[in-house]
Amino acid sequence: MTTYAALLRGINVGGNKKLPMAELRALLEGLGHGDVRTYLQSGQAVFASGHGDEESLAAELAGAIGERFGFTVDVIVRDHAYLKAIVDNCPFPAAELAAKQLHVTYYSAPVAEDRFAEFDRAAHLPEEFRLGDRALYLYVPDGLGRSRLAVELARPRLNKGVIATTRNWNTVLKLVELTGG
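Cut-offs applied
Residues numbered from 1 in each chain as written. Predicted model: local features only at pLDDT ≥ 70, side-chain atom pairs only at ≥ 80, totals over all residues. Heavy atoms only, no water. Axes fitted to C-alpha atoms, helices over the stretch in contact; angles between N-to-C directions. Helix = DSSP H or I, 4+ residues; strand = E, 2+ residues; numbered from the N terminus. Parallel < 35°, antiparallel > 145°, perpendicular 65-115°, else oblique. Left-handed = near helix turned anticlockwise from the far one by under 90°. Contact = heavy atoms within 4.5 Å. Salt bridge = Lys/Arg side-chain N within 4 Å of Asp/Glu carboxyl O. Buried < 20%, exposed > 50% of the residue type's maximum accessible area, 1.4 Å probe, protein only. 1 Å grid on protein atoms, 1.4 Å probe; cavity = no way out; pocket = protein on both sides within 12 Å on 5 of 7 lines; lining within 4 Å. Points joined across faces, edges and corners; volume = space filled by probe spheres on them. Nonpolar A, V, L, I, M, F, W, Y, C, P; charged D, E, K, R; others polar.

Chemist: Looking at this structure, how should I read the packing of helix α1 (residues 21-30) against helix α2 (residues 54-69)?
Modeler: Between two packed helices, the angle of one axis relative to the other and the distance separating the axes together describe the packing. It is the contact of α1 with α2, at a shortest axis distance of 11 Å, that shows an interaxial angle of 120°. Our classification of the angle between α1 and α2 gives oblique. The way α1 lies across α2 gives a crossing that is right-handed. Residue-level contacts link E23, L24, L27 and L28 of α1 to L61, A64, I65, R68 and F69 of α2.

Chemist: What exactly am I supposed to notice about the pattern of salt bridges here?
Modeler: Any two side chains of opposite charge can pair, so long as their charged atoms come close to each other. One pass over the full model with this rule turns up 11 salt bridges. The partner of R9 in a salt bridge is D74, and the shortest N-O contact between them spans 4.0 Å. Here R9 is found in strand β1 (residues 2-9), whereas its partner D74 is found in strand β4 (residues 74-79), with 65 residues between them in sequence. Judged by relative accessible area, which is 42%, R9 ranks as partly exposed. With a relative accessible area of 35%, D74 lands in the partly exposed category.

Chemist: What am I meant to see in helix α5 (residues 169-179) here?
Modeler: For an α-helix the count is 3.6 residues per turn, leaving residues at separations of three or four pointing the same way. Looking only at α5, the buried set comprises W169, T171, V172, L175, V176, L178 and T179. Where the residues of α5 are buried, they touch β1, β2 (34-39), β3 (44-49), α3 (80-88), β5 (102-107) and β8 (164-168). Positive backbone phi, at 85°, marks G181, one or two positions downstream of α5.

Chemist: Just checking my understanding: could you explain unusual backbone geometry for this structure?
Modeler: Among all residues except glycine, the phi angle is most often negative; among peptide bonds, the trans geometry is most common. Backbone torsion omega between L125 and P126 reads 15°, so that peptide bond is classified as cis. Within the element layout of this structure, P126 appears in the loop between β5 and β6 (128-132). Residues other than glycine seldom take positive phi values, yet D35 does so here, at roughly 45°. For R134, which is not glycine, the phi dihedral falls at a positive 55°.

Chemist: What exactly am I supposed to notice about the layout of surface pockets here?
Modeler: Here the largest pocket defines a volume of roughly 690 Å³. As for the largest pocket, its lining consists of 27 residues, of which L144, A164, T165, T166 and R167 are closest to the centre. Only β1, β5, β7 (135-139), α4 (148-153) and β8 provide two or more residues apiece to the lining of the largest pocket. Counting residues per element, the lining of the largest pocket draws most heavily on β8, at five residues. Per-class residue counts for the lining of the largest pocket are 14 nonpolar, 10 polar and three charged.

Below, the structure written as structure tokens:
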């Protein structure tokens, strides 16, 4: 059995795509997964599974949500080793920053630096981003809600062909803890 985190994009935000966490837990259990837990209301679930891989598990969950709730949700599934590596390889001094200043955007597939070639990074300083393994680390000193950089990075042309979903550093750390057993 491997422990995974499922990251659901855009649920329970502004009254849209309402998905109660108790029902998400029941759905995952119904798919045959064990040790199912959820974290917050914004779309994180942790579960253990002995079948499938990250991509097939994400597709399975997205399909089940569509059938059960009647709307589509983008889902990314990652295992504990990946989530821990994201923390371990953070290019910013996470221990010195407030959690609201550091975020990780998880991608469904690798994203190359050339995707951002036309992006004027200097124009957004002191906000910064760096790429990692299927992830983007985002440093926003004044928080995500005030970030011009975050708005630019969310543009559809920069995320074309991939699922992208962002979590604050507290959630990043909590997912490592929850998947670590």
